[in-house]
Every structure is written in structure tokens, then in C-alpha cells.
Amino acid sequence: QVHLVESGGGVVQPGASLRLTCAASGNTICISNMAWYRQAPGKEREALGAMTDDGTTYVTDSVEGRFTISRDDSSHTLYLQMDNLKPEDSAVYYCNADSAAVQAMCHMPWGQGTQVTVSS
């Protein structure tokens, strides 16, 4: 089973930056293609972007130009750099495999997430 722990959230003002961290442990094959997700109150969880095993990254249009995904392979840590934060970015942020099939096959339960609140 893979264990995921997100951290780095907080309460910030609009325009601020935060860097979220996802510490992953377990089967290294299962954590080779990881994604960031978020879920706001009353909304479904949405995928924000991912980094593949070859280092390719992509993010959704909603955060393009503001959010960047990176990874430290030596520690199996995934990062989400968030700049120019907006109130609509307020949500609980999670990391997990970029595929639901991999999540199931590798037994990757969702972590506790990290809360990001953007408010003036």
C-alpha cells in the first residue's frame, strides 16, 4: 500500500504564494506518475495537473501560468508551487496517482489533504 501525506497549506491573502508538499512512500512504480487534486466545499474533486515518470508535467487551464508541479525523485516528494492565489483556489488539496486505475491497483487511499484558504 502507498502512503500519501500532504502538507504546506494555510491561510493567505489573494496574490500570495504557497508551496504544497506530497510525501509518498511505498511501491515506487505506483508513485511514478503523480497528480495534484483539490476539492472545494460542495464541489467534486478536480484534477489540477500531474508529473509523469519521465518528468513531463501538465496543469489544467484553470491554473495554467500560476501553478507548477515539480518532484524530488530522491525523496519521492511531489510539490505544487502556487502563485498569485485567488479566493477560488480555496480548497483541500490532495495528491495521488494520476490514474484511478493505478489508485485502485496500488491501493492508494486518499491522504488527509492540506487546506488552502485564500481570503482578504
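Residues numbered from 1 in each chain as written. Predicted model: local features only at pLDDT ≥ 70, side-chain atom pairs only at ≥ 80, totals over all residues. Heavy atoms only, no water.

(A) Just the packing of aromatic side chains, in detail. Applying the stated criterion across every chain yields a total of two aromatic pairs. Between the aromatic rings of Tyr-37 and Trp-110, the centroid separation amounts to 5.0 Å while the plane-to-plane angle is 85 degrees, which identifies the pairing as edge-to-face. One end of the pair, Tyr-37, is in strand β4 (residues 34-39); the other, Trp-110, is in the loop between α1 (100-105) and β10 (114-118), with 73 residues separating them in the sequence. Classification of Tyr-37 as buried rests on a relative accessible area of 10%. (Phe/Tyr/Trp six-rings, centres within 6.5 Å; stacked < 30°, edge-to-face > 60°. Helix = DSSP H or I, 4+ residues; strand = E, 2+ residues; numbered from the N terminus. Buried < 20%, exposed > 50% of the residue type's maximum accessible area, 1.4 Å probe, protein only.)

(B) Local environment of the sheet that holds strand β1 (residues 3-7). Strand order in the open sheet made by the four strands is β1-β3-β8-β7, with antiparallel pairing throughout. Single-partner strands in this sheet number two, and they are β1 and β7 (67-72). Mean inter-strand twist for the sheet, computed between neighbouring axes without regard to direction, equals 15 degrees. Alignment of strand β3 (residues 18-25) against strand β8 (residues 77-82), held across six bridges, turns out to be antiparallel. (Pairing = 2+ DSSP bridges. Axes fitted to C-alpha atoms, helices over the stretch in contact; angles between N-to-C directions.)

(C) View of the state of the cysteines. Going through the model one piece at a time under the given rule, you end up with two disulfides. A disulfide bridge connects Cys-22 with Cys-95, and the sulfur atoms are separated by 2.0 Å. Given an S-S torsion of about 70 degrees, the disulfide between Cys-22 and Cys-95 has right-handed geometry. Remark: Cys-95 occurs in strand β9 (residues 91-97) and Cys-22 occurs in strand β3; sequence separation between them is 73 residues. Across a sulfur-sulfur distance of 1.9 Å, Cys-30 and Cys-106 are joined as a disulfide pair. Handedness here is read from the sign of the S-S torsion; for Cys-30 and Cys-106, about -80 degrees, the answer is left-handed. With Cys-30 in the loop between β3 and β4 and Cys-106 in the loop between α1 and β10, this residue pair connects regions lying 76 residues apart in the sequence. In this pair, the class of Cys-30 matches that of Cys-106, namely buried. (Disulfide = S-S within 2.5 Å.)

These results come straight from atomic positions and should not be treated as a statement about function.
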